[in-house]
Amino acid sequence: MEGGCSCGAVRYRLADEPLFVNCCHCLNCQRQTGSAFVINVLIESDRVEVVAGEPVSVDVPRDDGTVQRIYRCSNCQVALFSDYTRPEIWFVRAGTLDEPASVAPDAHIYTRSKLPWVTIPEGVPAFDVYYDSKTLWPPASLARLRAAFA
Ligand SMILES: [Zn+2]
Ligand SMILES: [Zn+2]
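Figured I'd write up the structure that's included with this text. (Residues numbered from 1 in each chain as written. Chains lettered and ligands numbered in written order. Predicted model: local features only at pLDDT ≥ 70, side-chain atom pairs only at ≥ 80, totals over all residues. Heavy atoms only, no water.)

1. Digging into the sheet that holds strand β7 (residues 67-72)
Okay, so step 1: Reading across the sheet, the 7 strands line up as β6-β7-β8-β9-β4-β3-β10 and stay open at both edges, with mixed pairing between neighbours. Two strands lie at the open edges of the sheet, namely β6 (56-61) and β10 (107-109), each paired on one side alone. Recorded for the sheet is a direction-independent mean angle of 30 degrees between the axes of neighbouring strands.
Okay, so step 2: Sheet analysis places β6 next to β7, joined by 6 bridges and oriented antiparallel. Residue pairing across strands places valine 56 opposite arginine 72, the latter belonging to β7. (Pairing = 2+ DSSP bridges. Helix = DSSP H or I, 4+ residues; strand = E, 2+ residues; numbered from the N terminus. Axes fitted to C-alpha atoms, helices over the stretch in contact; angles between N-to-C directions.)

If you want it as structure tokens, here you go:
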């Protein structure tokens, strides 16, 4: 899978399948995107090959006092990836993929702040806040996560 920013300066390629795809309805993501939710492709950061350009990171405060590091194109400022204090795992914004339809959420999270007109498809796990990765992620993804954190 490949993707990039709006001006074309930054291009990236995912060198592996996503670990998991989250659709997050939290207030931080709503504010950051100016939209109803964000779709994050979780993948090891060393599996994201930046093939053009150099994304710049911006530390963005979150409501819980933590900081989310967001990587943007230095030219057009589109946000491409972020991480949450663990740089080993990047959250690739699925809307920046050349084919956003190539992924679909494996889970919806923070539905406690989901906008009321958003309907979650039947059969997709949804959580008021977060979930236990150990019970929800495929074993192969958990193994990759352990390896990334090792
Ligand atoms: Zn750009
Ligand atoms: Zn969120």
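Further notes follow.
2. Re unusual backbone geometry
Okay, so step 1: For glutamine 77, which is not glycine, the phi dihedral falls at a positive 70 degrees.
Okay, so step 2: The residue glutamine 77 is located in the loop between β7 and β8 (79-83) in this model.
Okay, so step 3: If you check the backbone angles, tyrosine 110 has positive phi at about 55 degrees while not being a glycine.
Okay, so step 4: By the element assignment, tyrosine 110 lies in the loop between β10 and α2 (133-136).
Okay, so step 5: We classify tyrosine 110 as partly exposed; its relative accessible area is 22%. (Buried < 20%, exposed > 50% of the residue type's maximum accessible area, 1.4 Å probe, protein only.)

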